[in-house]
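As a plain string of letters, each chain reads:
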Amino acid sequence: MMKKVCHLTSVHPRYDTRVLLKECMSLHRHGYEVHLVVADGKGFEDYNGIQVHDVGKPQGRLSRFFKTTKAVYEKGLELNAEIYHFHDAELMPSGIKLKRKGKKVIYDSHEDLPRQLMSKHYINYFLRKPISALIEWYENYASRKFDLIITATPHIQKRFSKLNKSSLDINNYPLLSELNTEITDWDSKKNEVCYIGSITQIRGLEEVINAMEYLDGIKLNLAGSFSPKTFKDNLEGRKGWKKTNYLGQINREEVKRILRESRVGIVTFLPYGNHIHSQPNKLFEYMAQGIPLVASNFDLWKSIIEKVNCGICINPNDPKAIAEAMEVLLSDTSKAKKMGENGRDAVLNIFNWESEEKKLIEIYQKLI
């Protein structure tokens with residue numbers, strides 16, 4: 001008999017790469033009946049065999065926290081699954097209630113939330129520390145009650161392993177199925193660099209735009225949504241914006257096109273607590289598409305990038321250092337091409353979702 005599992009999220013979009021395209025699809029391919037409960041207002045959908053249930057889009061953060069979480073829990077309970085797998089810390093109370101009803105419950109921690117809250121622009125600066133401490137206390141309390149904690153990085157897993165002996169990191173490595181079957185001929189690439197993702201101050205975009213002032217004949221392809229929206233006004237007033245091609249929010253096919261055309265991928269997050277231990281998707285996605293990186297010189301990132309020799313690590317607070325690294329890769333074609341090939345080989349052999357999928361299926365089998 002097919003085992004029924006239900007993934008729950010009140011925050012992530014229905015097409016979230018980790019939630020739907022990786023975890024849910026992997027489980028479906030291995031014979032599970034998979035349901036996903038979301039809150040986006042787009043209604044029910046059968047996505048390649050995944051039953052996506054929508055409880056409606058929340059009207060602001062408070063509405064999401066109080067009303068949407070309740071609706072997600074109730075819809076999930078109605079589905080009567082054997083395993084519940086939730087992806088947001090605000091659903092921890094729902095997870096505890098599901099445990100009380102005799103369900104198997106997995107908490108999937110995508111971020112080091114207490115540290116992440118310290119850099120949220122929408123939280124009053126003086127309230128960040130007490131809110132972070134309160135959230136960490138509750139997360140520590142709740143995580144002990146769940147059957148399994150899954151984390152997106154080894155660093156987060158190390159924290160939870162002290163609270164729950166059943167914890168495992170399942171890394172957000174790229175899907176091999178999404179790799180270009182052939183690397184674009186290097187000579188056909190444009191004299192362009194790219195950044196694709198959320199556009200925020202703490203991700204170092206101010207410094208990247210400033211770096212563009214030092215470069216001639218080079219364009220920055222910038223894609224994603226601004227947070228807050230006023231941050232766009234900040235960047236538009238800088239000289240480097242004139243050398244920036246802002247593309248807005250783009251779909252996955254457009255992402256692939258930009259990566260095929262670009263010669264360098266930028267991932268220069270600033271050294272906030274949550275960043276230095278993170279493994280951002282875009283780092284591996286740039287590698288997967290065979291383009292070299294200009295990346296922050298965090299110890300974890302250096303251990304990957306310098307070991308593989310797939311890019312240059314610099315101080316993300318230094319626009320001139322960012323510009324110099326771009327210049328090295330754009331002026332030395334053979335070096336850039338070799339680094340791109342190194343990164344792609346590393347993804348094909350090590351840093352790919354297929355290797356992580358085996359861990360996911362194994363722990364589900366143990367829970368069943």
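Our subject is the structure that appears above.
Report follows, based on the coordinates. (Residues numbered from 1 in each chain as written. Predicted model: local features only at pLDDT ≥ 70, side-chain atom pairs only at ≥ 80, totals over all residues. Heavy atoms only, no water.)

### Observations concerning the pairing of strand β6 (residues 104-109)
Logical step 1: Of all the six residues making up β6, five are buried; the element is thus mostly covered by neighbouring parts of the structure.
Logical step 2: Relative to β6, strand β5 (residues 83-86) runs parallel, the two being bridged by four bridges. Each residue of the ladder has a partner; that of Tyr84, found in β6, is Val105.
Logical step 3: Viewed along the sheet, the connection from β5 through helix α3 (residues 92-100) into β6 turns out right-handed.
Logical step 4: Where β6 and strand β7 (residues 148-151) come together, four bridges link them in parallel fashion. Bridging from a neighbouring strand, Asp108 pairs with Ile150 of β7. (Buried < 20%, exposed > 50% of the residue type's maximum accessible area, 1.4 Å probe, protein only. Helix = DSSP H or I, 4+ residues; strand = E, 2+ residues; numbered from the N terminus. Pairing = 2+ DSSP bridges. Right-handed = clockwise from strand over helix to strand, strands pointing away.)

### Focus: the side chain of Asp147
Logical step 1: The topology assignment puts Asp147 in the loop between α5 (125-143) and β7.
Logical step 2: When its relative accessible area of 19% is taken as the criterion, Asp147 is described as buried.
Logical step 3: A polar contact of 3.1 Å, which involves the side chain of Asp147, links it to the side chain of Lys99.
Logical step 4: Of the polar contacts made by the side chain of Asp147, one reaches the backbone nitrogen of Val105; its length is 2.7 Å.
Logical step 5: With sequence-adjacent residues up to four places away left out, Asp147 is seen in contact with Lys99, Lys103, Lys104, Val105, Ser166 and Leu367. (Polar contact = N/O pair within 3.5 Å; in protein donor to acceptor, adjacent residues only side chain to side chain. Contact = heavy atoms within 4.5 Å.)

### Concerning the pattern of salt bridges
Logical step 1: According to the stated counting rule, one finds 20 salt bridges in the structure shown.
Logical step 2: Of the charged contacts in the structure, one is a salt bridge between Asp147 and Lys99, with a shortest N-O distance of 3.1 Å. On the criterion of sequence distance, the pair formed by Asp147 in the loop between α5 and β7 and Lys99 in helix α3 is long-range, its members being 48 residues apart.
Logical step 3: Taking the shortest distance from any N to any O, the salt bridge between Lys366 and Glu362 comes out at 3.6 Å. Here the residue Lys366 and the residue Glu362 both occupy positions in helix α14 (residues 353-367), the gap between them amounting to four residues, near one helical turn. (Salt bridge = Lys/Arg side-chain N within 4 Å of Asp/Glu carboxyl O.)

### A look at a nonpolar patch on the surface
Logical step 1: Nonpolar side chains collect at one region of the surface, where Leu62, Phe65 and Phe66 lie side by side and expose about 360 Å² of accessible area between them.
Logical step 2: Within the fold, Phe66 resides in helix α2 (residues 61-79).
Logical step 3: Assessed through its relative accessible area of 55%, Phe66 is described here as exposed. (Patch = residues over 30% accessible without salt bridge, like charges linked within 9 Å, V, L, I, M, F, W, Y side chains within 5 Å. Areas by Shrake-Rupley, 256 points an atom, 1.4 Å probe, with all protein chains shown as cover.)

### Brief notes about the packing of aromatic side chains
Logical step 1: Under the definition given, this model contains 19 aromatic pairs.
Logical step 2: Here Tyr32 and Tyr364 contribute two aromatic rings whose centre-to-centre distance is 5.7 Å and whose plane-to-plane angle is 70 degrees, an arrangement assigned as edge-to-face. In this pair, Tyr32 is assigned in the loop between α1 (17-29) and β2 (33-38) and Tyr364 in helix α14, connecting sequence segments 332 residues apart.
Logical step 3: Overall, Tyr364 belongs to the buried group, its relative accessible area being 0%.
Logical step 4: Where Phe269 meets Trp301, the ring centres are 5.6 Å apart and the plane angle is 65 degrees; that geometry is what we call edge-to-face. (Phe/Tyr/Trp six-rings, centres within 6.5 Å; stacked < 30°, edge-to-face > 60°.)

Limitation: the analysis is restricted to geometry and does not speak to function.
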